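The chain contents come next:
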Amino acid sequence: MNKALLTLYLIIFSCYIVATRQPDYFDGEKYPATIHLVKETLTNKIVPKAYYSIGKNTYSINAQYVLHRYKEGDKVVVIVELEHPEQAAVYRFWGYWITWEELLASFLIAVLLFQVAVAITNNPTEEALAEQLSYKEEKKTKYV
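Before going into details, it helps to say that this report is about the structure given with it. Values in this document were obtained by computation on a predicted structure and should not be read as measured data.

Remarks on the pattern of salt bridges
Right, so step 1: According to the stated counting rule, one finds one salt bridge in the structure shown.
Right, so step 2: Its salt-bridge partner being glutamate 102, residue arginine 21 comes within 2.9 Å of it at the nearest N-O pair. With arginine 21 in the loop between helix H1 (2-20) and strand S1 (29-39) and glutamate 102 in helix H2 (residues 100-122), this pair connects stretches of sequence that are 81 residues apart.

As structure tokens, then:
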């Protein structure tokens, strides 16, 4: 039972991931980028930004992610949809394909739905129990 639930969860989560990535994996193009540590004016915090060029234009995106630290001059790859070149993402497994927010939320939703299913099926009413006990399978002919 647990293997079936885990398999179902992984299939559904994988389909969700492939369908919802922004910029889109299938329509996007990959470009090289360089990390520069920039001091934000409002918070005075140093934030890693990925700088990349498409044609004559240079763009930058925030490359900060909870589970990864960049150093000045690191080389990364960004994925960009050419319709919106300013909306890119650093192409990494953690951060583009898997985000901790989505992983945590999907796991909590799966556990919640499992608990709801268990609560619904755990205590059947007397009528439902009697109906299940009195069920007799119909004889079926060999050829319909």
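With respect to the nonpolar core
Right, so step 1: Within the largest apolar cluster, 15 residues are counted, with the highest numbers of intra-cluster contacts made by Ala50, Tyr52, Ile61, Val76, Val78, Val80 and Val90.
Right, so step 2: Of all the secondary structure elements, the ones that give two or more residues to this core are S1, strand S2 (46-54), strand S3 (57-62), strand S4 (75-81) and strand S5 (84-90).
Right, so step 3: In terms of nonpolar packing, the next biggest core, distinct from the first, is built from eight residues, Tyr9, Ile17, Tyr96 and Ile98 among them.

Some remarks on a nonpolar patch on the surface
Right, so step 1: Nonpolar side chains collect at one region of the surface, where Val66, Leu67, Phe93, Trp94, Trp100, Leu103, Leu104, Phe107, Leu108 and Val111 lie side by side and expose about 970 Å² of accessible area between them.
Right, so step 2: Among the structural elements, valine 111 can be located in helix H2.

With respect to the packing of H1 against H2
Right, so step 1: At a closest axis distance of 12 Å, the pairing of H1 and H2 adopts a crossing angle of 140°. By the angle between their axes, H1 is oblique relative to H2. Like other packed secondary-structure pairs, H1 and H2 cross with a definite hand, here right-handed. Side by side, H1 and H2 meet where Leu5, Tyr9, Phe13 and Tyr16 of the first sit next to Glu102, Leu103, Ser106, Phe107, Ala110 and Phe114 of the second.
Right, so step 2: Looking at the contact of H1 with H2, its residues break down into eight nonpolar, one polar and one charged.

Here's the deal with the sheet that holds S2
Right, so step 1: The strand order S3-S2-S1-S4-S5 describes an open sheet built from five strands, whose pairing is antiparallel. Looking along the sheet, the strands with just one partner apiece sit at the ends: S3 and S5. Averaged over all neighbouring strand pairs, the angle between strand axes comes to 45°, with direction disregarded.
Right, so step 2: Pairing between S4 and S5: four bridges, direction antiparallel.

Topic: the environment of valine 38
Right, so step 1: Note on placement: valine 38 falls in strand S1.
Right, so step 2: We classify valine 38 as partly exposed; its relative accessible area is 25%.
Right, so step 3: For the pair valine 38 and lysine 75, spaced 37 residues apart in sequence, the C-alpha separation works out to 16 Å.
Right, so step 4: In this structure valine 38 touches Lys45, Ile46, Val47, Lys49 and Tyr51, once residues within four positions along its chain are discounted.

Digging into the pairing of S4
Right, so step 1: A large share of S4 lies buried, amounting to five of its seven residues.
Right, so step 2: Pairing geometry for S1 and S4, over six bridges, is antiparallel. The partner of glutamate 29 across the bridge, within S4, is valine 80.
Right, so step 3: Linking two consecutive strands that pair antiparallel, namely S4 and S5, is a turn of two residues.

With respect to the environment of aspartate 27
Right, so step 1: One can find aspartate 27 in the loop between H1 and S1.
Right, so step 2: Taking the relative accessible area as the measure of exposure, aspartate 27 reaches 55% and is therefore exposed.
Right, so step 3: With 56 residues separating them in the primary sequence, aspartate 27 and glutamate 83 have C-alpha atoms 9.9 Å apart.

Quick notes on the rules
- Residues numbered from 1 in each chain as written.
- Predicted model: local features only at pLDDT ≥ 70, side-chain atom pairs only at ≥ 80, totals over all residues.
- Heavy atoms only, no water.
- Salt bridge = Lys/Arg side-chain N within 4 Å of Asp/Glu carboxyl O.
- Helix = DSSP H or I, 4+ residues; strand = E, 2+ residues; numbered from the N terminus.
- Core = buried A, V, L, I, M, F, W, Y, C linked by side-chain atoms within 4.5 Å.
- Buried < 20%, exposed > 50% of the residue type's maximum accessible area, 1.4 Å probe, protein only.
- Patch = residues over 30% accessible without salt bridge, like charges linked within 9 Å, V, L, I, M, F, W, Y side chains within 5 Å.
- Areas by Shrake-Rupley, 256 points an atom, 1.4 Å probe, with all protein chains shown as cover.
- Axes fitted to C-alpha atoms, helices over the stretch in contact; angles between N-to-C directions.
- Parallel < 35°, antiparallel > 145°, perpendicular 65-115°, else oblique.
- Left-handed = near helix turned anticlockwise from the far one by under 90°.
- Contact = heavy atoms within 4.5 Å.
- Nonpolar A, V, L, I, M, F, W, Y, C, P; charged D, E, K, R; others polar.
- Pairing = 2+ DSSP bridges.

Purely spatial values, then, with no claim about function.
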